[in-house]
Amino acid sequence: MKKILITGVAGFLGSHLAKDLVNEGNVVIGIDNFVSGKYQNIKDLPSKLFSLINTNASSNKLLSHYLLQDIDEIYHLASPASPKYYQASPLETIKVNTQGTKNMLELAQKNNAKMVYTSTSEAYGDPEITPQIENYRGNVNTWGPRACYDESKRLGEVYCYLYYTLFNTKVKVARIFNTYSAGLANDDGRVISNFVNQALNNESLTVYGDGSQTRSFCYVTDTILGLKLLMKQDEANGEIINIGNPNEIKIIDLANIIISLTQTKSQITFHPLPEDDPKQRQPDITKAKKLLNWEPKVDLVKGLKETIKVYKLNLRK
Ligand code: UDP
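Residues numbered from 1 in each chain as written. Predicted model: local features only at pLDDT ≥ 70, side-chain atom pairs only at ≥ 80, totals over all residues. Heavy atoms only, no water.

Q: Please set out the UniProt feature "domain: NAD(P)-binding" (unreviewed entry) in the protein chain residue by residue, giving values where relevant.
A: UniProt's entry tags residues 5-307 with the feature "domain: NAD(P)-binding" (unreviewed entry), counted in the numbering of this structure. The distance separating the terminal C-alpha atoms of residues 5-307 is 28 Å; by composition the span is 37% helix and 18% strand. (UniProt positions renumbered as here; feature names shortened; annotations may be inferred. Helix = DSSP H or I, 4+ residues; strand = E, 2+ residues; numbered from the N terminus.)

What follows is the structure, given as structure tokens:
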């Protein structure tokens, strides 16, 4: 039984991870300030094994918090991750990914704990090479609506690099690519939650641009397993590792698959492409396969069928 801290515990990935770790018998302490997390996601966690600290991960009071003594592992997941949310709270997003990351590194150092920092495929910006491998340095814009997220996640990585090289902190970085399941809130704004909910409500599917841009979608259980294996693997200390599904798809094709799986009468409508929207995104997962013996197991159609099933059930509630 371990004592594990998860920041962003009320979010999509944080709550899923908390359930998994609690089911394995671990004690989980969760931090969330509910900027984008939802209490609904964590309300069923057993109080015997789970405690919540309702605050910002960047609060330096956390270093002396009575619940955060003798922590074994830290998953630093806190940050809005949907463009809709991080663009609504850009300064908070920068703070949690920079000051918040430094804070968690301090806590890891103080407790001699292991830490996983969740960075993002956005660290590659609008990539000029495909697939994206970890040593590709990216094509990122400091001067645009995505910068608050992309650049602060990158600075978070720099903090991890410094704590690892200066103090030998046991930290590793996951660059997470697009992840989905029905755990994404209906109003999350990301493409799969939008398309599936639109299709189930017989509304038109809103494709941005001409839909030729690509993404690679990983089902949540695969992403969570990748993060847990990364935490376990001591050889990954001081490493950056892509966690994502290499199966790349055009957004227009995704819309058509969802239309066919839901058997909806919905049409597709085209809307302006958001500024700086990356044209392509596909992880190279050679490193994850080698170091973690991990690769995604759930293919897109299977994951979408499950996602549709659960959103449908929730609609009826
Ligand atoms: N997108 C879309 N319609 C939507 C939501 C998103 O066409 O209703 C597109 C968006 O422009 C992007 C891709 O789908 O090219 C993935 O967007 P999302 O916000 O899910 O994640 P991102 O990878 O951009 O952070």
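Q: Can you tell me about the side chain of Thr7, naming the residues and giving the values?
A: The residue Thr7 is located in strand β1 (residues 3-7) in this model. Look at Thr7 and you get buried, because its relative accessible area is 0%. Engagement of the side chain of Thr7 in a polar contact is seen with the side chain of His76, the distance being 2.7 Å. A distance of 2.9 Å separates a polar atom in the side chain of Thr7 from the backbone nitrogen of Ala78. The residues touching Thr7, leaving out its near neighbours within four places in the chain, are Ile31, Ala57, Tyr75, His76, Leu77, Ala78 and Met104. (Buried < 20%, exposed > 50% of the residue type's maximum accessible area, 1.4 Å probe, protein only. Polar contact = N/O pair within 3.5 Å; in protein donor to acceptor, adjacent residues only side chain to side chain. Contact = heavy atoms within 4.5 Å.)

Q: Could you give an account of the packing of helix α1 (residues 12-23) against helix α6 (residues 220-232), with specific residues and numbers?
A: One can describe the packing of α1 onto α6 by two numbers: an axis separation of 10 Å at closest approach and a directional angle of 70°. The angle between the axes of α1 and α6 places the two elements in the roughly perpendicular class. For the pair α1 and α6, the sense of crossing is right-handed. Touching Phe12, Leu13, His16, Leu17, Asp20 and Leu21 of α1 are Val220, Thr221, Thr223, Ile224 and Lys228, all from α6. Split by residue class, the contact of α1 with α6 holds 6 nonpolar, 3 polar and 2 charged. (Axes fitted to C-alpha atoms, helices over the stretch in contact; angles between N-to-C directions. Parallel < 35°, antiparallel > 145°, perpendicular 65-115°, else oblique. Left-handed = near helix turned anticlockwise from the far one by under 90°. Nonpolar A, V, L, I, M, F, W, Y, C, P; charged D, E, K, R; others polar.)

Q: An account of the site of the ligand is needed here, citing residue identities and associated values.
A: Around the ligand, the surrounding shell holds 18 residues, and the nearest of these are Thr206, Tyr208, Arg215, Asp277 and Arg281. Separating an oxygen atom of the ligand from a side-chain N or O atom of Asn194 is a distance of 2.8 Å. Thr206 has a polar backbone atom sitting 2.6 Å from a nitrogen atom of the ligand. Those elements giving two or more residues to the shell around the ligand turn out to be α5 (191-200) and β8 (205-208). Split by domain, the shell around the ligand shows at least three residues from each of two domains, domain 1 (3-179 + 218-246 + 283-297) and domain 2 (191-213 + 248-278 + 301-316). (Near = heavy atom within 4 Å. Domains from an automatic or database assignment.)

Q: Describe the side chain of Ser216, naming the residues involved and giving the relevant values.
A: Following the sequence through the fold, Ser216 ends up in strand β9 (residues 214-216). Ser216 gets classed as buried once you look at its relative accessible area, which sits at 1%. Of the polar contacts made by the side chain of Ser216, one reaches the backbone oxygen of Arg281; its length is 2.7 Å. Here Ser216 is in contact with Phe177, Asn178, Asn245, Pro246, Asn247, Glu248, Arg281, Gln282 and Pro283, once residues within four sequence places are set aside.

Q: Tell me about the packing of aromatic side chains, and please be specific about residues and values.
A: Counted according to the given criterion, the structure contains 6 aromatic pairs. Measuring from centroid to centroid gives 6.4 Å for Tyr180 and Phe217, while their planes differ by 90°, and the two rings are edge-to-face. One end of the pair, Tyr180, is in strand β7 (residues 179-180); the other, Phe217, is in the loop between β9 and β10 (218-219), with 37 residues separating them in the sequence. Phe217 shares its class with Tyr180; the two are buried. In textbook terms, an aromatic cluster arises when at least three aromatic residues are bridged by ring pairs, as seen for Tyr124, Tyr136 and Phe177. (Phe/Tyr/Trp six-rings, centres within 6.5 Å; stacked < 30°, edge-to-face > 60°.)

Q: Quick rundown of the pairing of strand β5 (residues 114-120)? Include the residues and the values.
A: Within β5, 7 of the 7 residues are buried, which leaves it mostly tucked inside the rest of the structure. Burial along β5 is two-sided: Lys114, Val116, Thr118 and Thr120 and Met115, Tyr117 and Ser119, pointing in opposite directions, are all buried. By the bridge criterion, 4 bridges tie strand β4 (residues 73-76) to β5 in an arrangement that is parallel. Considered in β5, the bridge of Ile74 is made with Met115. With 7 bridges joining them, β5 and strand β6 (residues 170-176) adopt parallel strand pairing. Counterpart to Val116 in the pairing with β6 is Lys172. Regarding topology, helix α4 (residues 147-167) serves as the crossover connection from β5 to the parallel β6, and that connection is right-handed. (Pairing = 2+ DSSP bridges. Right-handed = clockwise from strand over helix to strand, strands pointing away.)

Q: Requested: an account of the nonpolar core, with residues and values cited.
A: Core analysis: the largest hydrophobic core is formed by 57 residues, its most contacted members being Ile6, Tyr75 and Leu254. Each of domain 1 (3-179 + 218-246 + 283-297) and domain 2 (191-213 + 248-278 + 301-316) contributes no fewer than three residues to this core. Beyond its immediate sequence surroundings of up to four residues, Leu254 is in contact with Val191, Ile192, Phe195, Phe217, Ile249, Leu300 and Leu304. Formed by 23 residues, the second largest nonpolar core is a distinct cluster that contains Ala57, Leu68, Cys160 and Val171. (Core = buried A, V, L, I, M, F, W, Y, C linked by side-chain atoms within 4.5 Å.)

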